[in-house]
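# Structural description and commentary
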Amino acid sequence: MTETEEILELRKQLHEHNYNYYVLNAPVIDDFEFDRMMRRLQDLEALHPELHDDNSPSVRVGSDLSKEFQQVTHRYPMLSLANTYSESEVTDFYNRVKAALGEDFEVCCELKFDGTSISLTYEHGRLVQACTRGDGTQGDDVTQNVRTIRSIPLQLHGDYPDSFEVRGEILMPWQVFEALNAEREQREEPLFANPRNAASGTLKSQSSAVVAQRRLDAYLYYLLGDNLPRDTHFDNMRHVAAWGFKVSDAMKVCRTLQEVFDYINYWDVERKNLPVATDGIVLKVNNLKQQALLGYTAKTPRWAIAYKFQAERACTRLNKVTFQVGRTGAITPVANMDPVQLAGTVVKRATLHNVEQINKLDLHIGDMVYVEKGGEIIPKIVGVDMDARFMVGDKVTFVKCCPECGAPLIRYEGEAAYYCSNDSTCPPQIKGRIEHFISRKAMNIDGMGPETVDALYQAGLIHDVADLYTLKASDIVRLERMGELSAVRIVRGIEASKNVPFERVLFAIGIRFVGEATAKILARHFGCINSLKEAKIDDLVKVNEIGEKIAESIVGFFADSRNMVIVERLKQSGLQMEMPEGENDTALNLLEGKQFVISGVFEKHSREEYKALIERYGGKNVGSISKKTDYVLAGANMGPAKLEKATQLGVPIIDENVFLNMIDK
Ligand code: IVH
């Protein structure tokens, strides 16, 4: 077998194994063998770039090239469904359909999956585009990210139409969601409120490698196209399943209203055993001709309705509201209540989110409050039983100053939360910064966690991150419940952190809005802390991915002399404050500050590759042409609107050869 044949064979087999594992839940080879085949494919693909295939199973691993999403107009608008919570409205829907059709009809009942919707386009059996709902007319092109989702086929089998769209829901299974939140909690990162937010947040991630790790799943529930195989929704979905998609087994054709209610009642209980979140039942008139007769309103089809399950709710007494200060200084109000049983657990605390919510509920101490746990892990207060209000206590008000240090509160533009203004001496903030500094993705200091930080702080041994480097084992060992071995391990961990690369040091020092990825970009671009410190807002915003908000935060950080003292002390302690020789991007800044718009089809590289090259050389990809655009990189079939706009604004239009010459220095 030639290497070319081997690549094609491996791709075919891996597609098949993916399907067996992720769609059918019936793997025929073990993980080890699967990984071996995947690695072999990746190795061979690296040797044969000319055989590149956007839909190779190897794209499931993802890439961390970041990109802005392109806006795409939906061929068929993505409508939503009319919602109801009451059984009588389901009856109304049924009777309305009956009256409008004047003939027998079937209703296909199915689960309403609670994730984020997606529209997939296939041409000749291959996935060509995946697009979010957006505003229903236009959505984001998230194809690269979706290609990493194992239950979405990249290559179909069987007798599929040449061209069609299929829609469904991207979900994060409960198990993945819980593990992700546990991990985030440990790293003290904000938790996702529910699997829906986690799924949509993940889908919009700038790195498809992150998407690949998050193990999303997908169920498909709607087929669109000009030549559909059958004339009922249910039958079409059976075909969709046969082509390789994951279609829920819970779909059922009902012939009477009673059957519909039986279905609803059965799944209201049984859904709790499913691996993914559902929030209701969707009823669809099954016959496509009847669907067409019923038609659409401006926003929703008249042939379908969603019946939403009541979130589980309990009623209990509010005893007090406390205010927590997080590591960023954000103040969160927390309701403390009489313990009450709710969806299988005892609940006594609930989040109140922010001041607006407190005011909206008009909460008083002693109120009987409704607590809900609808798909969210942290319960929330959704209302007050006004009839039970009798001789209640004080109205709940938001604190005026920080409950930990007494400093006045501030609000950042565009954010609902209040923050403590005293970031230099407010204890949770000080400890929070140190905890962030030592965390795994930052300096990764072995043997230390939030408890040790707290103990060291209480003992007066550390006040800021630079103090860590003055600690001696003999100091640490004096802490309560601290053994000699643990103390030595901590000191070793601190010592070892002096080798942590500059990009992670930059993340560790905790400049607001400078996350891991941003720190990496900045470290590579500026090469050392001194250059970054000298950078002006204008210099910073020229860097890819750095917007005004981040730039202002960086400049503000270095303008504060207290931060400068800490950075200087860290430098003196021997931390890495520059990139190793040859690893910064200064040689790659050929396109620095230049904005590109890509349009059309190319021969030498794919669009994605051109986008990546632009970023690699310091340029910026933008979606639409404006006065600020420096070049339009145009391939064949450039859109006429773009051509006109570019000509009108005098933006140079270059082809791929000119572009490749620009970076071939
Ligand atoms: S059908 C024109 N079926 O619910 C109707 N939608 O409120 C197209 N959803 O945006 C949608 N499960 O994200 C349909 N079995 C199901 C569904 C479902 C969840 C979501 C979907 C849609 C929203 C409508």
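Residue positions are counted from 1 within each chain, in the order its sequence is given. Reporting in this predicted model follows two pLDDT cut-offs: at least 70 for local features of residues, and 80 or more for side-chain atom pairs to be given and counted; totals over whole chains, interfaces and linings ignore these cut-offs and use all residues. The side-chain quantities take in all heavy atoms of the structure and omit both hydrogens and water.

### A word on the confidence of the model for the chain
Atom-level detail of predicted coordinates should not be read off regions where pLDDT is low. Rule in force here: Along the chain, pLDDT gives the predictor's confidence residue by residue, from 0 to 100. Strands are runs of DSSP state E lasting at least two residues, helices are runs of H or I lasting at least four, and both sets are numbered from the N terminus onward.
Counting all residues, the mean pLDDT for the chain is 90, and 97% of those residues have values of 70 or more. At the low end of the mean pLDDT range in the chain sits helix α22 (residues 607-616), at 81; at the high end sits strand β3 (residues 107-113), at 98.

### What to know about the environment of I509
Test applied: In this scheme, a residue with accessible area under 20% of its type's maximum is buried, one over 50% is exposed, and one in between is partly exposed, where area comes from a 1.4 Å probe on protein chains only. Any two residues having at least one pair of non-hydrogen atoms within 4.5 Å are treated as being in contact.
Along the chain, I509 turns up in the loop between α16 (502-508) and α17 (516-526). Judged by its relative accessible area of 10%, I509 is buried. Placed 43 residues apart in sequence, I509 and A466 show a C-alpha to C-alpha distance of 9.8 Å. Not counting the four nearest positions on each side in its chain, I509 is found in contact with F437, I529, F557, V567 and L570.

### Focus: the nonpolar core
To keep it simple, the criterion reads: Among the buried residues, those of types Ala, Val, Leu, Ile, Met, Phe, Trp, Tyr and Cys that are joined through side-chain atoms within 4.5 Å form a nonpolar core.
With 53 residues, the main nonpolar core has F437, L468 and L506 as its most contacted residues. Looking at this core, the elements that each hand over two or more residues are α12 (427-438), α13 (450-458), α15 (484-496), α16, α17, α18 (529-534), α20 (548-559) and α21 (561-572). Once residues lying within four places of it in the same chain are set aside, the contact partners of L506 are I511, A519, L522, A523, I529 and L532.

### Some thoughts on the site of the ligand
Our working definition: In this text, near means that some heavy atom of the residue lies within 4 Å of the molecule or strand in question. N or O atoms within 3.5 Å of each other form a polar contact, as long as, within protein, one can give a hydrogen and the other can take it, and as long as residues adjacent in sequence are counted only when both atoms are side-chain atoms. Methods summary: accessible areas were calculated by the Shrake-Rupley approach with a probe of 1.4 Å, and residue burial reflects only the protein chains presented. Classification used: nonpolar for Ala, Val, Leu, Ile, Met, Phe, Trp, Tyr, Cys and Pro, charged for Asp, Glu, Lys and Arg, polar for all others including Gly.
Surrounding the ligand, one finds 13 residues, the nearest of these being E110, L111, F113, E169 and Y221. A distance of 3.3 Å separates an oxygen atom of the ligand from a polar backbone atom of L81. E169 has a polar side-chain atom sitting 2.7 Å from an oxygen atom of the ligand. Against a free-state accessible area of 520 Å², the protein chains account for coverage of 91% of the ligand. For the shell around the ligand, the leading source of residues is β3, giving four residues. Split into classes, the residues belonging to the shell around the ligand amount to seven nonpolar, two polar and four charged.

### Examining a negative patch on the surface
Keep this limit in mind: Patch criteria: residues need more than 30% relative accessible area and no salt bridge. Like-charged residues are merged within 9 Å; nonpolar side chains of Val, Leu, Ile, Met, Phe, Trp and Tyr are merged within 5 Å. Basic side-chain nitrogens of Lys or Arg form a salt bridge, by our definition, when they fall within 4 Å of a carboxyl oxygen of Asp or Glu. When charges are counted, Lys and Arg contribute as positive and Asp and Glu as negative, whereas His and the chain ends are disregarded. Charge positions come from single atoms, namely NZ of Lys, CZ of Arg, CG of Asp or CD of Glu.
The grouping of D538, D539, E548, E552 and E592 at the surface amounts to a negative patch. Those elements that place two or more of their residues in the negative patch are α19 (537-541) and α20. Mapped onto the fold, E552 is located in helix α20.

### Observations regarding the pattern of salt bridges
In this structure the tally under the stated criterion is 30 salt bridges. Between K308 and D279 there is a salt bridge; the shortest N-O distance is 3.3 Å. Remark: D279 occurs in strand β10 (residues 278-285) and K308 occurs in strand β11 (residues 304-308); sequence separation between them is 29 residues. Across the pair, D279 and K308 agree in class, each one buried. Residues joined in a network through salt bridges with shared partners are D362, D367, R389 and K395.

### Some remarks on the packing of helix α3 (residues 87-101) against helix α9 (residues 257-270)
Where we set the bar: For helices, the axis comes from a line fit to the C-alpha atoms of the stretch in contact; other axes are also lines fit to C-alpha atoms, and the angle between any two N-to-C directions lies between 0 and 180 degrees. Left-handed describes a crossing in which the near helix is turned anticlockwise from the far one by less than a right angle; the clockwise case is right-handed.
Contact geometry for α3 and α9: axes closest at 11 Å, N-to-C directions at 145 degrees. Two packed elements cross with a definite hand, and for α3 against α9 that hand is right-handed. Of α9, the residues touching α3 (which contributes E87, V90, T91 and Y94) are L257, V260, F261 and N265. Looking at the contact of α3 with α9, its residues break down into five nonpolar, two polar and one charged.

### Remarks on unusual backbone geometry
For residues other than glycine, phi is negative in most cases, and the peptide bonds are mostly trans. For R215, which is not glycine, the phi torsion reads 55 degrees and is therefore positive. Along the chain, the position of R215 falls in the loop between α7 (208-213) and β8 (217-224).

### A closer look at the side chain of H74
Mapped onto the fold, H74 is located in the loop between β1 (71-73) and β2 (83-84). Polar contacts involving the side chain of H74 include one to the main-chain carbonyl oxygen of T132, which spans 3.1 Å. The contact partners of H74, leaving out residues within four places of it in the chain, are C131, T132, R133, G136, T137, Q138, G139 and R167.

### Overview of the packing of aromatic side chains
Selection rule: Note on ring pairs: Phe, Tyr and Trp rings are taken, using the six-membered ring of Trp, and paired if centres are within 6.5 Å. Classes follow the plane angle, with under 30 degrees stacked, over 60 edge-to-face and the rest tilted. Whether a charge sits over a ring depends on NZ of Lys or CZ of Arg being within 6 Å of the ring centre and within 35 degrees of the ring normal.
Taken as a whole, this structure holds 22 aromatic pairs when the rule is applied. Arranged with centres 4.9 Å apart and planes meeting at 45 degrees, the rings of Y94 and F105 form a pair that is tilted. One end of the pair, Y94, is in helix α3; the other, F105, is in the loop between α3 and β3, with eleven residues separating them in the sequence. Classification of F105 as buried rests on a relative accessible area of 8%. Between Y266 and W267 the ring centres are 5.2 Å apart and the planes differ by 90 degrees, which places this aromatic pair in the edge-to-face class. One cation-aromatic arrangement involves R238 over F234; the distance from NZ or CZ to the ring centre is 5.3 Å. The side chain of K549 reaches across the aromatic face of F513, ending 4.3 Å from its centre.

### Description of the pairing of strand β14 (residues 345-351)
Rule in force here: The pairing criterion for strands is at least two bridges between them, as found by DSSP.
Pairing analysis gives six bridges linking strand β13 (residues 330-342) to β14, with the strands arranged antiparallel. Across the sheet, residue V340 finds its bridge partner in β14, namely V347. Taken together, β13 and the strand that follows it, β14, pair antiparallel across an intervening segment of two residues, in which A343 is found at a positive phi of about 45 degrees.

### Side note on the pairing of strand β21 (residues 631-634)
Consecutive side chains along a regular strand alternate between the two faces of the sheet. Judged from the four bridges that link them, strand β19 (residues 595-599) and β21 form a sheet pairing that is parallel. Bridge assignment links S599 to a residue of β21, and that residue is A634. Of the pairings in the sheet, the one linking β21 to strand β22 (residues 653-654) comprises two bridges and is parallel in character. Each residue of the ladder has a partner; that of V632, found in β22, is I653.

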